[in-house]
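Results of the structural survey
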There are 4 protein chains.
Amino acid sequence: MPSNLSSEPVDPKKPWTWAEAIWRERVASVRAGRSLKPAAWKDGARMAVALSFDSDHETIDLRNGGASAGRMSQGQYGARSGMPRILDVLERHGVPASIFMPAVSAMLHPEEVRRVAGAGHEIGIHSWIHEFNSVLDHETERDLSLRAADALERLSGTRPVGMRTASWDFSPYTLAIIREMGLLYDSSLMADDEPYELLEKGEATGVVEIPVEWIRDDAPYFNMDRMASARPYGGPAMLLDILRREVDLAFEEGGLFQVTLHPHHVGHRSRIFILDEIIRHAKAKGDVWFATHAEVARFCASEAGTTAC
Amino acid sequence: MPSNLSSEPVDPKKPWTWAEAIWRERVASVRAGRSLKPAAWKDGARMAVALSFDSDHETIDLRNGGASAGRMSQGQYGARSGMPRILDVLERHGVPASIFMPAVSAMLHPEEVRRVAGAGHEIGIHSWIHEFNSVLDHETERDLSLRAADALERLSGTRPVGMRTASWDFSPYTLAIIREMGLLYDSSLMADDEPYELLEKGEATGVVEIPVEWIRDDAPYFNMDRMASARPYGGPAMLLDILRREVDLAFEEGGLFQVTLHPHHVGHRSRIFILDEIIRHAKAKGDVWFATHAEVARFCASEAGTTAC
Amino acid sequence: MPSNLSSEPVDPKKPWTWAEAIWRERVASVRAGRSLKPAAWKDGARMAVALSFDSDHETIDLRNGGASAGRMSQGQYGARSGMPRILDVLERHGVPASIFMPAVSAMLHPEEVRRVAGAGHEIGIHSWIHEFNSVLDHETERDLSLRAADALERLSGTRPVGMRTASWDFSPYTLAIIREMGLLYDSSLMADDEPYELLEKGEATGVVEIPVEWIRDDAPYFNMDRMASARPYGGPAMLLDILRREVDLAFEEGGLFQVTLHPHHVGHRSRIFILDEIIRHAKAKGDVWFATHAEVARFCASEAGTTAC
Amino acid sequence: MPSNLSSEPVDPKKPWTWAEAIWRERVASVRAGRSLKPAAWKDGARMAVALSFDSDHETIDLRNGGASAGRMSQGQYGARSGMPRILDVLERHGVPASIFMPAVSAMLHPEEVRRVAGAGHEIGIHSWIHEFNSVLDHETERDLSLRAADALERLSGTRPVGMRTASWDFSPYTLAIIREMGLLYDSSLMADDEPYELLEKGEATGVVEIPVEWIRDDAPYFNMDRMASARPYGGPAMLLDILRREVDLAFEEGGLFQVTLHPHHVGHRSRIFILDEIIRHAKAKGDVWFATHAEVARFCASEAGTTAC
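Figured I'd write up the structure that's included with this text. (Residues numbered from 1 in each chain as written. Chains lettered and ligands numbered in written order. Predicted model: local features only at pLDDT ≥ 70, side-chain atom pairs only at ≥ 80, totals over all residues. Heavy atoms only, no water.)

**Remarks on the overall build of chain A**
Scanning chain A for helices and strands turns up 13 helices and ten strands. In terms of C-alpha radius of gyration, chain A reaches 19 Å, essentially the compact-globule figure of 19 Å for 309 residues. Looking at the 309 residues of chain A, the share that counts as buried comes to 66%. When the accessible surface of chain A is summed, it comes to about 10,200 Å², and 49% of that surface belongs to carbon and sulfur atoms. (Helix = DSSP H or I, 4+ residues; strand = E, 2+ residues; numbered from the N terminus. Rg over C-alpha atoms; globule rule 2.2 N^0.38 Å. Buried < 20%, exposed > 50% of the residue type's maximum accessible area, 1.4 Å probe, protein only. Areas by Shrake-Rupley, 256 points an atom, 1.4 Å probe, with all protein chains shown as cover.)

**What about the relation of the copies chain D and chain A?**
Related by rotation about an axis and a shift along that axis, the two copies of the chain form a pair. Mapping chain D onto chain A is achieved by rotating through 90° and translating by 0.0 Å along the same axis, at an RMSD of 0.0 Å. Both copies are brought into coincidence by an operation consistent with a four-fold rotation axis. No C-alpha of chain D approaches the rotation axis more nearly than that of Tyr233(D), which lies at 3.9 Å. The share of interface residues of chain D whose copies in chain A are also at the interface is only 5%, consistent with the copies meeting through different surfaces. (Least-squares fit on C-alpha atoms with pLDDT ≥ 70 in both. Contact = heavy atoms within 4.5 Å.)

**What about helix H6 (residues 110–118) of chain D?**
Residue and element names in this part refer to chain D. Looking at H6, one finds that the buried residues are Glu112, Val113 and Val116. Mapping the buried residues of H6 onto a view down its axis gives an arc of 100°, with all of them on the same face. Among the exposed residues of H6, those oriented more than 90 degrees off its buried face are Arg114 and Gly118. In this fold, the buried residues of H6 make contact with helix H4 (69–93), strand S3 (98–101), helix H5 (103–108), strand S4 (122–125) and helix H7 (138–156). (Arc of directions from axis to C-beta.)

**Some remarks on the interface of chain D and chain A**
Every contact between the two is made by 44 residues of chain D and, on the other side, 44 residues of chain A. Carbon and sulfur atoms supply 58% of the area buried between chain D and chain A, which totals about 3,900 Å² over both sides. On the chain D side of the contact with chain A, Trp16(D), Trp23(D) and Tyr233(D) bury the most area, a combined 19% of that side's loss. Inspection of the region where chain D meets chain A yields seven salt bridges. Arg85(A) is the salt-bridge partner of Glu253(D), the closest N and O atoms lying 2.8 Å from each other. Between chain D and chain A we count 16 residue pairs in polar contact (both at pLDDT 80 or more) in total. The set of elements that each furnish at least two residues to the side of chain D that touches chain A consists of helix H2 (20–28), strand S1 (30–35), helix H9 (219–222) and helix H10 (236–252) of chain D. Examining the composition of the side of chain D that touches chain A, we find that seven residues originate from one element, H10(D), more than from any other. Of the residues belonging to the side of chain D that touches chain A, the class tally is 25 nonpolar, five polar and 14 charged. (Buried area = accessible area lost by both parts, 1.4 Å probe. Salt bridge = Lys/Arg side-chain N within 4 Å of Asp/Glu carboxyl O. Polar contact = N/O pair within 3.5 Å; in protein donor to acceptor, adjacent residues only side chain to side chain. Nonpolar A, V, L, I, M, F, W, Y, C, P; charged D, E, K, R; others polar.)

**Considerations on the pattern of salt bridges**
Within the structure shown, the criterion is met by 108 salt bridges over all chains. Between Arg280(A) and Glu277(A) there is a salt bridge whose closest N-O contact spans 3.9 Å. Of this pair, Arg280(A) and Glu277(A) both sit in helix H12 (residues 272–283), three residues apart, which is roughly one turn of the helix. With a closest N to O distance of 2.8 Å, Glu20(B) and Arg24(B) form a salt bridge. Remark: Arg24(B) and Glu20(B) occur in helix H2 (residues 20–28); sequence separation between them is four residues, near one turn of the helix. You can call Glu20(B) partly exposed: its relative accessible area is 37%. Linked through salt bridges whose partners overlap, the residues forming this network are Arg85(A), Arg269(A), Asp193(D), Glu194(D), Arg216(D), Glu246(D) and Glu253(D).

**Notes on the environment of Asp193(D)**
Note on placement: Asp193(D) falls in the loop between strand S6 (185–186) and strand S7 (196–200). You can call Asp193(D) buried: its relative accessible area is 2%. As a C-alpha pair, Asp193(D) and Leu136(D) span 57 residues in sequence and 29 Å in three-dimensional space. If we ignore the near neighbours within four places in the chain, the residues touching Asp193(D) are Tyr77(A), Ser81(A), Arg85(A), His268(A), Arg269(A), Pro211(D), Arg216(D) and Leu256(D). In terms of polar contacts, Asp193(D) uses its side chain to reach the side chain of Tyr77(A), at 2.6 Å.

**Brief notes about the side chain of Glu141(A)**
Residue and element names in this part refer to chain A. Looking at the element boundaries, glutamate 141 is found in helix H7 (residues 138–156). The buried charged residue glutamate 141 lacks any salt bridge partner; its closest oppositely charged side chain belongs to arginine 142, at an N-O distance of 11 Å. With residues up to four places along the chain from it excluded, the contact list for glutamate 141 reads Asn133, Leu136, Ser171, Tyr173, Thr174 and Ile177. (Lys, Arg positive; Asp, Glu negative; His and termini not counted.)

**So, the packing of aromatic side chains**
Residue and element names in this part refer to chain A. Scanning all chains against the criterion turns up 16 aromatic pairs over all chains. Ring geometry for tryptophan 168 and tryptophan 214: centres 4.5 Å apart, planes at 45°, overall tilted. Pair noted here: tryptophan 168 is in the loop between strand S5 (162–163) and helix H8 (174–181) and tryptophan 214 is in the loop between strand S8 (203–209) and helix H9 (219–222), with a separation of 46 residues, a long-range link. Comparing tryptophan 168 with tryptophan 214, the two get one shared label, buried. One aromatic cluster is present, formed by Trp41, Trp289 and Phe299 through successive ring pairs. (Phe/Tyr/Trp six-rings, centres within 6.5 Å; stacked < 30°, edge-to-face > 60°.)

**Considering the packing of H10(D) against helix H12 (residues 272–283) of chain D**
Residues and elements named next belong to chain D. Two elements in contact, H10 and H12, have axes whose closest approach is 10 Å; the angle formed by their N-to-C orientations is 20°. Considering the angle they form, H10 stands roughly parallel to H12. The two elements H10 and H12 cross, and the hand of that crossing is right-handed. Where H10 abuts H12, its residues Pro236, Ala237, Leu239, Leu240, Leu243, Arg244, Val247 and Asp248 lie against Phe273, Ile274, Glu277, Ile278, His281 and Ala282. (Axes fitted to C-alpha atoms, helices over the stretch in contact; angles between N-to-C directions. Parallel < 35°, antiparallel > 145°, perpendicular 65-115°, else oblique. Left-handed = near helix turned anticlockwise from the far one by under 90°.)

Below you can see the structure in the form of structure tokens.
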């Protein structure tokens, strides 16, 4: 039935005219299935902490045409000043992280890829040049995803097992591409605080979702665009307060704390303390497993016995 | 006179050219009439507290065309993670609330409707699919309102007695529809802190307004839209500070404290404490009646002897 | 020379092509002349405090076409709930204020005009229906200004002596109209913290400017527009902190503290404490003259011996 | 190769279609080269502090067409009230600063230029009339830059040695113009916290970059535009907190703390304490060199032995 109905003309501006099958189909397109929250985390830990950094660097400006020397220099800051500060904090605390890099960013900064990989951090797919997936056709998105995986493997020596869409722009084709690529997990969606299995049109896919949220992303708080209205809306102390509260309830619920940070945002002098403090805050809970997104996904899949495990 | 004048051409962009009868007519169209603030609240309580939650879930994204997997997953979060946390807090404190649900949201989540109704909370009308009323003609808005009421009654077993327009978008037809449906109350307008009787073109309608305000709504503080400029503007501590001050003066004035929260906003780990703290803060005053919007409206109407009572 | 030059074609989008006489003419059009800050305030007070309230009420929505029941109800809130709370605070502290009212707002709320005037507060001109002056031609702006003054005089019994342009939208014709009307002062510009004499094309006008600033206006912090990106950007505690600092330096400098508040913003339960606290804070300095804008303007003009005095 | 490739048609909206040489060329156009952070600052100081003020005054409004009396008066405030307060604070603390002035601003305020120069502060180039460079062709930008330098030299008696582009709008021609003018430094880009040498298409230029950041600029936090969505997003206490953290890590890293402030923003009564406190905070570290941008650039160039030194 839905397949018949979906061939009818549907006005996206008038959803109140849609038949029930239409809106049910839209909702079911990509959806959270069963929770993959384990009874306990690795070695019985009460909380898992998955830190991630999107090393976009110059690709933010390239995505927009590459014409602004100022924005380009902000991108270079991420690689030159931000990422080293971040990696120092991670090293001092001895905790792993997942670094999601557009292929072009990795090709511009092979030394960063080597340092990241050498330190045992995970490197995940994050588009070709930070393009928005939703403006691409299926074939282009697929081609860029495959080339991105190849580039990261070539530079890091390891085939990535997870994907984070750039700007969390998960297109109608993204899940099919992830399945075709045989990836373990995605980390772009927001239907839960805990890992879950992705459903495609109601069908279990075995793909693990490590959910993200703008709440636990530094960009909405810190992004600044002179020509647009984006401004830094709250100070770094506000972001730390929010992340601490997220950690507190993650621990209370025996769950996962996941966070997405950017070298060109949190890597600044007035913000790096947020990363330091949030690691301290989590460690102080005493019973915590710091892991990469891949390790979390693999553990959850294994505990739950999903097909992709 | 006004009816004659209103047939004259009136330029909405040049209100300084309008005759006095025109702007008086506009102002009088839908208006606060007599205050329904009672001398004392039920059983002599000094303050009434009316908590409400708009369970929009996936309808926010469906209203916008249903094409974003990310926004859709945020909607699912509201149902999957946010609402359970909220209902747990309400249960722990033993306080009732009013849940306003678009019909499509209710049909997507019948288990939520059952849990909400089973816990004794009120379920109110909140559009069909979160459509903006002001883009609809009278007949369409009427049809959707009636179908929404039917759907909620079918799923919850109780006919709703109150309406909250989606996005508080009260159209030129909304009040006529509310009157035709024989509803007890509306909760979309902002002319007072206390309940009042709605006037239509100067005529008392017997319909109770339980006024809302963006100040006491979590969405303006927490909404985030990557493509638009909406960002989270203040931290959760700021919202709690604001709501505490609203409670303090409501108690001081012997009035009503009403608040509008959303599962996909306040339901998050870093924000749920706001609900908990605001209930504690109100309870600590000692002499407080927690009630649904319907109970408040019925009590006010009864004390005032309005026709709808 | 400038008059010749100004008849040349000038591209407003390419100011770098303008002859020097052109940009000097633009700068000189309306300008702060000599400071009217007195050696000491009335009776030797060290600081003057001039509180003002723009009682726009329903005219905000009428200015935009008068089609939104929600925005209209927010306007009614200003008259019904906000202004009474404000007047109570002023009465409790025994301090005067200046109320700027669009004529239409005054005609909609004659009882407010009577209460305000009866309490000894000043009523000043504030447009006809909150129109933007910069979209009007000279004749229309002049006509509306004159009609507004007439309406306020008719309702309050006193001819206004000062003007505040709606939205501080001071057009190329405003100063000429103020001079033609023989007004004592304007309160729409921002070239100083202290009163000053307005210059028109370099010529002293005798018109006193009581300067305002968005910093000392509650609207930028509290305005909320669902369809636009305006949101409440900082909590009430932030605004109080800012205003306290303004008071502190005004006192230190022996100057004027002027503030612009709105019944539909600061009049809310969670914000009215700001007015209360700021009056307390100023009073605690010990040596303060609370005055209307007209009293401040008259005192400054008198001390300085300007022509309008 | 790149020169050939760059003559191919390149779609700025589809960067994922670009050949590698294209995006590498874009990235390399203007870029941070070797760090010029010295082993120690002058006389062995551990931290350098470079304060700067962009004295834009009326040119902000002139740049936008010069038609708003309100915006123009805000510009005059910068010259009349803001800058004197700032210069008083600098004098009290005995610290130097760099003042960047559009030529038109300097011509409108020759007395400010004299006071600034007389106090030993540096005056740097800051466009002709605050124009956006990116809308100009090479010849126009060059002509305006040269005329701006001439005007500042004529008014201050000293030829400027550094440039800050207005709104940090560094065009594709800016670096070539800086080199042609033989300037010592630019201060418009953001690739590091420490001074660095600018590369043009991979070639070392000898031009020192004193990097800026929106984080250390008061405008993003304080700008207000009634018609646009710019609002003051955080209070002055938030900005002070951010700047203190920047100072703390600059000292810890033995680096440079650079800040960009505006007379019409930080010069207000409720904000001037930020400047005072940040100077105190830096001084309290004990081992600090306060210097102009030119002094910092010259010292760095000298220590590093760059060609421009």
